[in-house]
Amino acid sequence: MFKNKNRIYAILLAVTLSGSMISGGCSIARANPQNEVLKITLLKVGKADAIALLTKGKAMVIDAGEEEDGEELVTFLSQQGITRVDTLIITHYDQDHVGGADTLIEEMEVGQVVLPAYEGIHSEYADFMRALEEKKITPVKLNEKVEFEFGDAEILVEPPLSYDAGNAEEIDNNFSLITTVTYGDNKLIFTGDAEKQRIREWLENTKTDSCDFLKMPHHGVYNKALGELLDAVEPEYAAICSSHKNPAEVKTLELLKQKNVSVMETKDGDVTVISDGKKLEIHQEREK
């Protein structure tokens, strides 16, 4: 159920991680009375977004990769003991974000589905819509921001001000939903494939403050608004959904280094982010 509130908090599932970790905190102290931990995994699925958030046996997914990534996402969730996805958010309808969503819908129980309010043009979108219809799931197509609870978490999802179409194939990156998750002292922002226009619109129309973690937009492709975004939200850590064939652009990595942001790319392995409400730990199982 969606609710209107002024702040967003997130409490997510405790996990144990092996290997080296990076820890960081934030400035605003908030309580974590149940001592829960947030776990977010950005899956290594090439130049595509497939992101799973877990809390107290519940699951939320932001994007589902390409068509062939759907099974990998389902397998990952099943390995975590997940049988139901409480919320699925598709940021926009590029094949590398919506492609595996039909498989997720077909193979797992899915609760609410949150989408941008425009029509996709690719076959993967049509397959996804067909899967929703067959499962009798009515998606929420956003024309205005929504806030809702996810376990003990609260999530904010913000659409663009307008879906004034033009050529959707060329500009639908700028239709990307932007999702903010906050728990205790930690805030995490997920930007889909937002490009310069969408980033600047979001900065102009959203009350932004510093965050701990930023899922970089558009697979690390550089644009001139990235510096403005980093200055506004001041992340300590960032992750880029990329592949060895399509790594982040050098200018983007140089900018992150200049802004003292620690960054990982999924081309090197799954990226797992954990918040206990006071600090973040970031872990990556790198390929040998």
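This structure is a prediction, so every number in the text was calculated from the model and none was measured. (Residues numbered from 1 in each chain as written. Predicted model: local features only at pLDDT ≥ 70, side-chain atom pairs only at ≥ 80, totals over all residues. Heavy atoms only, no water.)

Student: I'm lost on the pattern of salt bridges in this one. Help?
Tutor: Any two side chains of opposite charge can pair, on the condition that their charged atoms come close. Summed over all chains, the structure comprises 13 salt bridges. Of the charged contacts, one joins Arg200 and Glu228 as a salt bridge, the two residues approaching to 2.6 Å between their closest N and O atoms. Of the two residues, Arg200 sits in helix α6 (residues 196–205) while Glu228 sits in helix α7 (residues 226–233), which places them 28 residues apart along the sequence. Between Lys259 and Asp231 there is a salt bridge, with the nearest N and O atoms lying 2.8 Å from each other. A residue pair is termed long-range when its members are at least 10 positions apart, and Lys259 in the loop between α8 (250–258) and β14 (262–265) and Asp231 in helix α7 qualify at 28 residues. Note on Asp231: relative accessible area 46%, which makes it partly exposed. Where salt bridges share partners, they join Lys58, Arg84, Asp86 and Glu109 into one cluster. (Salt bridge = Lys/Arg side-chain N within 4 Å of Asp/Glu carboxyl O. Helix = DSSP H or I, 4+ residues; strand = E, 2+ residues; numbered from the N terminus. Buried < 20%, exposed > 50% of the residue type's maximum accessible area, 1.4 Å probe, protein only.)

Student: I tried to follow the side chain of Thr87 on my own but got confused; where do I start?
Tutor: The residue Thr87 is located in strand β5 (residues 84–89) in this model. In terms of polar contacts, Thr87 uses its side chain to reach the side chain of Gln112, at 2.9 Å. (Polar contact = N/O pair within 3.5 Å; in protein donor to acceptor, adjacent residues only side chain to side chain.)

Student: Looking at this model, I keep getting lost on the sheet that holds strand β8 (residues 146–150). Mind explaining?
Tutor: Strand-to-strand pairing in sheets goes through backbone hydrogen bonds, with the strands running parallel or antiparallel. Sheet architecture is open: seven strands sit in the order β8-β9-β10-β11-β12-β13-β14, paired in mixed fashion. Taken across any chain shown, the strands that pair with only one partner, and hence form the sheet edges, are β8 and β14. Here the average twist between neighbouring strands, direction ignored, is 20°. The strands touched by α6 are β9 (153–158), β10 (178–183) and β11 (186–190); relative to β10, the strand with the most contacts, the crossing angle is about 45°. (Pairing = 2+ DSSP bridges. Axes fitted to C-alpha atoms, helices over the stretch in contact; angles between N-to-C directions. Contact = heavy atoms within 4.5 Å.)

Student: Can you walk me through the nonpolar core in this structure?
Tutor: Soluble globular proteins: nonpolar side chains tend toward being buried together. Grouped together as the largest cluster of nonpolar side chains are 63 residues, with contacts concentrated most on Leu77, Leu104 and Phe128. Once you skip the residues sitting within four places of it in the chain, Leu104 turns out to touch Val61, Leu73, Val74, Leu77, Val85, Leu88 and Val110. Ile178, Leu226, Leu229 and Val233 belong to the second largest nonpolar core, which has 20 residues in total. (Core = buried A, V, L, I, M, F, W, Y, C linked by side-chain atoms within 4.5 Å.)

Student: Mind showing me how you'd approach the packing of aromatic side chains here?
Tutor: When we look at a pair of aromatic rings, we describe it by the centre distance and by the angle of the planes. In total, this model carries six aromatic pairs according to the counting rule given. Site record: aromatic cluster; members linked through ring pairs are Tyr93, Tyr118, Tyr125, Tyr163 and Phe175. (Phe/Tyr/Trp six-rings, centres within 6.5 Å; stacked < 30°, edge-to-face > 60°.)

Student: Got a minute to help me understand the packing of α7 against α8 in this structure?
Tutor: Where α7 contacts α8, the axes come no closer than 11 Å and their chain directions differ by 25°. Our classification of the angle between α7 and α8 gives roughly parallel. As α7 packs across α8, the resulting crossing turns out to be right-handed. For the pair α7 and α8, contact is made by Leu226, Gly227 and Leu230 and by Thr252, Leu255 and Leu256, respectively. Here the residues of the contact of α7 with α8 are counted per class, giving four nonpolar, two polar and no charged. (Parallel < 35°, antiparallel > 145°, perpendicular 65-115°, else oblique. Left-handed = near helix turned anticlockwise from the far one by under 90°. Nonpolar A, V, L, I, M, F, W, Y, C, P; charged D, E, K, R; others polar.)

Student: Mind showing me how you'd approach α8 here?
Tutor: Note on helix geometry: an α-helix contains 3.6 residues per turn, so any two residues three or four positions apart are oriented the same way. Among all positions in α8, only Thr252, Leu255 and Leu256 are buried. Looking straight down α8, one finds that the buried residues subtend no more than 100° of arc, so they occupy a single side. Looking at α8, the residues exposed on the side facing more than 90 degrees away from the buried face are Val250, Lys257 and Gln258. Where α8 is buried, its residues touch α7, β13 (237–240) and β14. Phi turns positive one or two residues past the end of α8, at Asn260, with a value near 60°. (Arc of directions from axis to C-beta.)

Student: Where do I start with the packing of α6 against α7 in this structure?
Tutor: Contact pair α6 / α7: the axes reach a minimum separation of 9 Å and the direction vectors enclose 30°. Considering their axes alone, α6 and α7 lie roughly parallel with respect to each other. The way α6 lies across α7 gives a crossing that is left-handed. Taken together, the residues of α7 that come into contact with α6 (itself represented by Ile199, Arg200, Trp202 and Leu203) are Leu226, Glu228, Leu229, Ala232 and Val233. Class assignment of the residues belonging to the contact of α6 with α7 gives a composition of seven nonpolar, no polar and two charged.

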